[in-house]
Amino acid sequence: MVEKGLIAMLRTHPTRIADFGCSTGRNSFAAMQIIVEAIKRKFETDGKVMQIPDFQVFFNDKVTNDFNTLFSSLPPQGLYHVTGVPGSFHSRLLPRASLHFGYSCFSLHWLSEVPKAVLDNTSPAWNSGKVHYFGARREVCEEYANQYAKDIKSFLDSRAEELVPGGLMALLVPAVPASWNPNSAYTVLTEVYHLGSCLVDMAKKGRFYEDKIDSFNYSVYFPVPQELKAIIEKSDNYIMERMEILDNPGKRSLTGPKERASYLRAVNEGMLVNHFGTEIMDELFDRYTKKLKASPLFSDPNSDKTILIFVLLQRKPIMFF
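Scope of this entry: the structure provided in the associated data block. (Residues numbered from 1 in each chain as written. Predicted model: local features only at pLDDT ≥ 70, side-chain atom pairs only at ≥ 80, totals over all residues. Heavy atoms only, no water.)

A word on the overall build of the protein chain. Check the secondary structure of the protein chain and you find nine helices and seven strands. Computed over the C-alpha atoms, the radius of gyration of the protein chain is 21 Å, within 12% of the 20 Å expected from 2.2 N^0.38 for a compact globule of 321 residues. Each principal axis of the C-alpha atoms in the protein chain carries an extent, and together these give about 70 × 45 × 35 Å. When burial is assessed residue by residue, the protein chain has 49% of its 321 residues classed as buried. (Helix = DSSP H or I, 4+ residues; strand = E, 2+ residues; numbered from the N terminus. Rg over C-alpha atoms; globule rule 2.2 N^0.38 Å. Buried < 20%, exposed > 50% of the residue type's maximum accessible area, 1.4 Å probe, protein only.)

Next up on the list: the pairing of strand 4 (residues 99-105). Consecutive residues of a regular strand have side chains that alternate between opposite faces of the sheet. Counting buried positions along strand 4 gives six out of seven residues, so the element sits mostly inside the fold. Pairing of strand 1 (residues 15-20) with strand 4 involves three bridges; the strand directions are parallel. For Asp19, the partnering residue across the bridge sits in strand 4 and is Tyr103. Bridging between strand 4 and strand 5 (residues 163-175) involves six bridges; their strand directions are parallel. Across the sheet, the residue bridging to Phe101 is Leu168, located in strand 5. Handedness of the strand 4-helix 4 (residues 138-162)-strand 5 crossover: right-handed. (Pairing = 2+ DSSP bridges. Right-handed = clockwise from strand over helix to strand, strands pointing away.)

Turning our eyes to something else, we now look at the side chain of His90. If you trace the backbone, His90 turns up in the loop between strand 3 (81-86) and strand 4. For His90, the residues in contact, after removing those within four places along its chain, are Trp110, Leu111, Ser112, Asp151, Ser154, Phe155 and Ser158. (Contact = heavy atoms within 4.5 Å.)

Moving on, we get to the sheet that holds strand 3. Backbone hydrogen bonds hold the strands of a sheet together, and the pairing may be parallel or antiparallel. Read across the open sheet, the seven strands follow the order 3-2-1-4-5-7-6; overall the sheet is mixed. Looking at the sheet topology across the chains shown, the edges are occupied by strand 3 and strand 6 (238-247). Across the sheet, the axes of successive neighbouring strands diverge by a mean angle of 15°, strand direction being ignored. Across eight bridges, strand 5 lies against strand 7 (residues 307-315) in antiparallel orientation. Of the residues in strand 7, the one forming a bridge with Leu171 is Val311. The strands touched by helix 2 (residues 28-45) within the sheet are strand 1, strand 2 (55-61) and strand 4, with strand 2 carrying the most contacts at an inclination of about 155°. Taken strand by strand, helix 4 contacts strand 1, strand 4, strand 5, strand 6 and strand 7, and its axis lies near 150° from that of strand 5. (Axes fitted to C-alpha atoms, helices over the stretch in contact; angles between N-to-C directions.)

Summed over the entire model, instances satisfying the criterion amount to 18 salt bridges. One salt bridge connects Lys290 with Asp286, and the closest N-O pair in it is separated by 3.2 Å. Residue Lys290 and its partner Asp286 are both found in helix 9 (residues 281-293); the two are separated by four residues, about one turn of the helix. On the basis of relative accessible area, Lys290 is assigned to the exposed category, the value being 54%. Taking the relative accessible area as the measure of exposure, Asp286 reaches 39% and is therefore partly exposed. Residues joined in a network through salt bridges with shared partners are Arg137, Arg138, Glu139 and Glu142. (Salt bridge = Lys/Arg side-chain N within 4 Å of Asp/Glu carboxyl O.)

Here it is as structure tokens:
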């Protein structure tokens, strides 16, 4: 049913695809190639080779993203035409009803902002002495959860305006299971917690003022599957065609503490430098690597219980009354 609707929808030219949260394209290019070639194969299988459309791909990320690296790294095959779209994917980015296929992978855990209350020393949710919600008080966790729900709603509402009726959107969202034993396993939350504890240790040793900790929190949130499902089901704009829980496909590429620390540094260093400065980065990640090495859990990729949620949504027809 979805495939038939997709072919009918794609008879318009060109077919427009968007990757929301593309970074510098390392993972995005492969995904865009898979999507384009899958659509082309469907036309070929149906004997409609002459109807295969041109493809236009929109690469979106925040305005500070390194689009120069993305454009200079484009694959040479010329499968599609390329447009860069800087801006927050928590708001409208494309013309109304212009998009046929939306895609986002490992991006929707980023919040539009840190919840204001966790940085407010007059609030019950002030997260003093911590940099994230994992291991924090209930009020802090609730503020993060509420911010996440608000941001996912904004993302879905914005894409609903951009997608054509019948348009599809595939989401791959990093998440954590509803329960896991921290004595025998870890998740991405554990890693963020340990990095935060390294920052706290450095502040206590006078490497920087402790109020630097109180004025900084990570702007990421990792839902449990039922939480994300409930947020999506509140939207009247989509049919949920599929939702699957996947094992984290990348965990075996990070074989030990040193590799995990290098990856976390690559992802987070820009944000950390903006707040704490460049001077402490080597020491911070050296401490972090040693902290991971001190636990046998981080030497075994199978101990990583972080999951990936795959969601396939179809834009409902627009009803006029």
